[in-house]
Amino acid sequence: MSDIKIRAKLKDGETEVKCLMSHPMETGLRKDSKTGELVPAHFIQEVVCKSKDQVVMTANWSGGVSKNPYLAFKFSGGAAGDPIEITWTDNMGETQSATGEIS
Amino acid sequence: MIDAKRRILLKGSLAAGTVGVAVGAGLLSPRMVLASWNEAAFHAKDLPAALSSLMGSDATETNDAIKIKAPDIAENGAVVPVTVETDMEGVKSIAIVADQNQTPLIASFDLGESALPFVSTRIKMAKTSNVVAVVQTADKLYSNAKEVKVTIGGCGG
């Protein structure tokens, strides 16, 4: 069970990958409205995007990326049916990975 | 009774720890496993400092070839869609910055060989400010900015 949604489309030799991750993305600066205490930082730090085991892009993030992050990028040289693998790691050391397919 | 006191003590020391150590930087460090994540850059309080630690220099040249797509007015600062695209050659990385946020550097994208200079994501903005995109090529930094008016800030507080 994975919470990463991946959609990859090939058009004119360019593959556009769109993905949605499920994550609270807490900056560590926000206060809990009930207790008034700071909510500890909890955000994705690194997203690695691979196609056929080749790293296409690595994203480094702070807590400034919105909750349930959306990410889109493009690369050349993909082919229909190629696997796209997205892996994120957050500041708590949690990690999640999912694989999609270029259509 | 003793137990209750212990709870309070624990709670107190935890809270002090969080505030004391520059918002968790020290607290979280044992769990930081990512070597490539540039802590100094992401904790920097202004744009030049962030760029210096991220890309080794803060000397950027404004270039209109960098296209930033973001709303003119964002009703909700918690979710501001931003797309950065350029037709420049040899782009190594792209960074997205909201210059009035407490920690301005939001994201940096290292592009692999096959990646095209295009990234799109959604960011949080504390208040009306410029969204700055910085593009790193083999030898230079280029940037462009677009102002986004924010009606409700998205960083909470």
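What counts as what
Residues numbered from 1 in each chain as written. Chains lettered and ligands numbered in written order. Predicted model: local features only at pLDDT ≥ 70, side-chain atom pairs only at ≥ 80, totals over all residues. Heavy atoms only, no water. Helix = DSSP H or I, 4+ residues; strand = E, 2+ residues; numbered from the N terminus. Buried < 20%, exposed > 50% of the residue type's maximum accessible area, 1.4 Å probe, protein only. Salt bridge = Lys/Arg side-chain N within 4 Å of Asp/Glu carboxyl O. Contact = heavy atoms within 4.5 Å. Pairing = 2+ DSSP bridges.

A. Just unusual backbone geometry, in detail. Residue and element names in this part refer to chain A. Even without being glycine, lysine 52 reaches a positive phi, approximately 50°. Considering the arrangement of structural elements, one finds lysine 52 in the loop between strand S3 (44–51) and strand S4 (54–61). Residue classification places lysine 52 among the exposed residues on the basis of a relative accessible area of 52%. Its identity is not glycine, yet asparagine 68 carries a phi of approximately 50°, on the positive side. Along the polypeptide, asparagine 68 turns up in the loop between S4 and strand S5 (70–76).

B. Main features of the pattern of salt bridges. All told, the structure shown has six salt bridges over all chains when counted by the stated rule. For Lys52(A), the salt bridge identified is with Asp82(A), shortest N-O distance 3.8 Å. One end of the pair, Lys52(A), is in the loop between S3 and S4; the other, Asp82(A), is in the loop between S5 and strand S6 (83–90), with 30 residues separating them in the sequence. The closest approach of N and O atoms between Lys149(B) and Glu147(B), which form a salt bridge, is 3.4 Å. Take Lys149(B): its relative accessible area is 42%, and that puts it in the partly exposed class.

C. View of the side chain of Thr137(B). Residue and element names in this part refer to chain B. Tracing the backbone shows threonine 137 in strand S8 (residues 129–137). Judged by its relative accessible area of 7%, threonine 137 falls in the buried class. Excluding residues within four positions of it along the chain, threonine 137 makes contact with Glu89, Gly90, Val91, Lys92 and Tyr142.

D. Examining the pairing of strand S1 (residues 5–11) of chain A more closely. Residues and elements named next belong to chain A. As paired elements, S1 and strand S2 (residues 14–20) share seven bridges and run antiparallel to each other. Considered in S2, the bridge of lysine 11 is made with glutamate 14. Connecting S1 to the antiparallel partner S2 that follows it, the hairpin turn spans two residues, and aspartate 12 within it adopts a positive phi of roughly 50°.

Function cannot be inferred from these measures alone, as they are strictly geometric.
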